[in-house]
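# Coordinate analysis (summary)
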Amino acid sequence: MTPPPDILFNGSNILVKSDVREKLLPYEIPDLSMYPAIYIDHKDVWHEGYWYLTFLEKFDCWDRKHSKYDEELDPLDDDDGYFVHRYSLNDELLENTPLEQRRLFMMGKTMDPLVTVHRSIAGLFKHSGADVVPLLDWGVTYP
């Protein structure tokens with residue numbers, strides 16, 4: 001039986017193995033809470049040693065002038081999120097935000113709040129088996 005990967009995604013939240021969590025701890029990621037978790041797979045096999053990572057706040061840093069999105073808000077979204085098809089980041093906001101506060105965050109004001117990883121720690125995720133897609137290459141097409 002193949003063990004599950006070191007990183008599992010549940011929507012915009014993440015399950016990580018203890019060693020990945022240990023590598024994240026020194027960064028003191030703001031607005032990130034970590035809780036011990038057990039992953040139960042489709043065959044009811046329990047996998048211990050995971051941590052559930054969730055963000056208490058989102059960081060709204062995408063540029064409305066240069067991103068491609070539906071300008072009408074989704075009436076069902078409590079956070080007034082937009083359907084974003086292609087992101088462009090707000091350079092001025094990012095320049096004024098210390099790296100420590102934007103190294104790992106959940107994108108704000110969007111219906112699909114991406115877990116966003118700065119390139120300085122992207123390798124940690126890549127080496128743990130996660131697909132890390134550059135934001136410029138990420139895009140969604142809706143019918």
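Above this note sits the structure.
Just so you know, these numbers come straight off a predicted model, no measurement behind them.

### So, the pattern of salt bridges
- For the structure shown, the criterion picks out 2 salt bridges.
- For E22, the salt bridge goes to R21, with nearest N and O atoms at 3.1 Å.
- We classify R21 as buried; its relative accessible area is 16%.
- Between R64 and D60 there is a salt bridge, with its nearest N and O atoms 2.8 Å apart.
- Its relative accessible area of 29% is what places R64 among the partly exposed residues.

### Topic: the pairing of strand β4 (residues 46-55)
- Bridging between strand β2 (residues 13-17) and β4 involves 4 bridges; their strand directions are antiparallel. Residue pairing in the sheet places L15 in a bridge with Y52 of β4.
- By the bridge criterion, 8 bridges tie strand β3 (residues 32-40) to β4 in an arrangement that is antiparallel. Counterpart to I40 in the pairing with β4 is W46.
- Linkage of β3 to β4, two consecutive antiparallel strands, is achieved through a turn of 5 residues, within which D44 is found at a positive phi near 65 degrees.

Basis of the calculations
Residues numbered from 1 in each chain as written. Predicted model: local features only at pLDDT ≥ 70, side-chain atom pairs only at ≥ 80, totals over all residues. Heavy atoms only, no water. Salt bridge = Lys/Arg side-chain N within 4 Å of Asp/Glu carboxyl O. Buried < 20%, exposed > 50% of the residue type's maximum accessible area, 1.4 Å probe, protein only. Pairing = 2+ DSSP bridges. Helix = DSSP H or I, 4+ residues; strand = E, 2+ residues; numbered from the N terminus.

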